[in-house]
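One-letter residues, chain by chain:
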Amino acid sequence: MLLPILFIAFLALLASVQSISVPLNAGCGFHLTTSGGFNGSVGQLANGQVRAGGGLPPSLFTWFGDAFADQQGRSCWWTPPTSVLQCDSNQQPSHGFEIGCYGGVSYRDQSLFYECHTGDGDEVNLYLLPKGVNCSPITLHADGCRPPCAGESSSSSPRSTATTSPHHPISTPLQTSTRSEKRRPSQAATSTTSSPAPADTSTPDPGECLAESPDAIILINKGNPDAAYGLDSNMVVRLSPDDSAVFVFSLQSSNAGKECALVFNLPADSQQLPQYKLTGTGPISFALLEEPPWNPANTTYNNAPLVALPLEAVVLAPGISAEPLIFPCPGADTQIAVMMKDEPGSDTCLVYQQEPELPLGLYLVIC
């Protein structure tokens, strides 16, 4: 399977960005859950080691703006050299955590973590890097302590799990990050391409970002699970309770050492851009697939590749910019496939045309 190989072989050295954190909601409590290789709540052993599975009761953590501690007041940190998550007394915590406005957890702009087997039943340890045994990628979600999303009051409750960047949409010209010496992927300029770009343009200079359109968009429909809709040269995306979209992106070896991110952007109504039609208020979700469709023109709901890793979910609204995943660009020429679909029970419908030079839709951003 392509994606597990990519995750372990190519994403082993995950992005680490020194950030300037602003304490938000300091002192509030939250629980953690995992999605991906292991799905469940996060607890602890008596010695403070953070684990999931095994029937461990969920641990209550306390947020301190960019770090956290457990209920016994032990600081939580990535212990060297294995980078396993542990909470210890008389220990400085790891600083650089963020809780997104929909609850997605990241660490220094890394939103992909790992669960690795412990040998104690189905219990798994949580790692920053895949340095344990039988590791699989996961994402982390916090059920509290999140900042308000764009246009949302601080008292509003989350509707779904996502790490979003409503204040940093793709824009022109490049913006300067207030959090980091390095530009965030969601701050990339809208220089895009709908097909693999030549090496001189696909590898930005240091400090520059490039946003690339998908190579292909494949529509599938669970109401007509054996219907193949083919490849649409107009790159029209349709999303509904039945309609889903599969995006195929190219990754290039020339971008090794850079930061890659999946960024989904819906411009605000006030922007003079081609219109999109959005109705409903339910969450939509993203997921990495095991491999790109082997025959895109004949891909159906029933024969589409399986999900390798669920990513973020988000409630769409004009002006939102979401980052479902940030990862180091792999040093290989390959492709990844990403599915966008309604969450179960969602009523969201979205129609738009993905155009190469406009900040609308799902992009692969390279910094």
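Quantities reported herein were computed from a predicted structural model and do not represent experimental measurements.

(A) Geometry of the overall build of the protein. When its secondary structure is counted, the protein shows 2 helices and 25 strands. When each of the 367 residues of the protein is scored for burial, the buried share is 54%. Restricting to contacts in the protein with at least 6 residues of sequence separation, those with at least 24 account for 71%. Carbon and sulfur atoms make up 52% of the accessible area of the protein, which totals about 15,200 Å².

(B) Representation of the state of the cysteines within the structure. Per the stated rule, a full pass over the model turns up 5 disulfides. For Cys76, the disulfide goes to Cys87, at an S-S distance of 2.0 Å. Around the S-S axis, the bridge from Cys76 to Cys87 shows a dihedral of about 90° and counts as right-handed. Note that Cys76 is positioned in strand E7 (residues 75–79) and Cys87 in strand E8 (residues 84–88), a separation of 11 residues in sequence. Considered together, Cys76 and Cys87 belong to a single accessibility category, that of buried residues.

(C) Quick look at the pattern of salt bridges. Enumeration over the complete set of coordinates arrives at 3 salt bridges. In this structure, the salt-bridge partner of Asp120 is Arg51, at a minimum N-O distance of 2.8 Å. On the criterion of sequence distance, the pair formed by Asp120 in the loop between strand E11 (113–117) and strand E12 (124–127) and Arg51 in strand E4 (residues 50–52) is long-range, its members being 69 residues apart. Asp70 serves as the salt-bridge partner of Arg74, at 2.8 Å between the closest nitrogen and oxygen. Take Arg74: its relative accessible area is 13%, and that puts it in the buried class. Judged by relative accessible area, Asp70 falls into the buried class, the value being 2%.

(D) Expanded view of the sheet that holds strand E23 (residues 334–342). Across the sheet, 5 strands lie side by side as E15-E17-E23-E20-E21; this open sheet has antiparallel pairing. A strand with exactly one partner marks an edge of an open sheet, and here the two such strands are strand E15 (216–221) and strand E21 (307–315). With strand direction ignored, the average angle separating the axes of adjacent strands in the sheet is 25°.

(E) Broad picture of the pairing of strand E17 (residues 243–251). Most of E17 sits out of view: 8 of its 9 residues are buried. In the sheet, E15 pairs with E17 via 6 bridges, with the strands oriented antiparallel. Looking at the pairing, Ile218 lines up with Val246 of E17. Sheet analysis places E17 next to E23, joined by 7 bridges and oriented antiparallel. Residue pairing in the sheet places Val248 in a bridge with Ala337 of E23.

Criteria and thresholds
What you see as residue numbers is a count from 1 along each chain, following the sequence as written. Under the rules for a predicted model, residues below a pLDDT of 70 receive no local features and side-chain atom pairs below 80 are neither given nor counted, while totals for whole chains, interfaces and linings still include all residues. Heavy atoms throughout the structure, all of them, feed into the side-chain values; hydrogens and water do not. Helix and strand assignments follow DSSP, with helices taken as H or I runs no shorter than four residues and strands as E runs no shorter than two, numbered in order from the N terminus. Burial classification: accessible surface area is computed with a 1.4 Å probe over protein chains only, and a residue below 20% of its type maximum counts as buried, one above 50% as exposed, and the rest as partly exposed. Every residue pair with non-hydrogen atoms within 4.5 Å of one another is taken to be in contact. In these tables, accessible area is a Shrake-Rupley quantity obtained with a 1.4 Å probe, and a residue counts as shielded only by the protein chains included in the view. Only a pair of cysteine sulfur atoms within 2.5 Å qualifies as a disulfide here. Salt bridges are defined by distance alone: a side-chain nitrogen of Lys or Arg within 4 Å of a carboxyl oxygen of Asp or Glu. Two strands form a pair only when DSSP identifies at least two bridges running between them. Only the stretch in contact is used when fitting a helix axis, every axis being a line fitted to C-alpha atoms; angles between N-to-C directions are given from 0 to 180 degrees.

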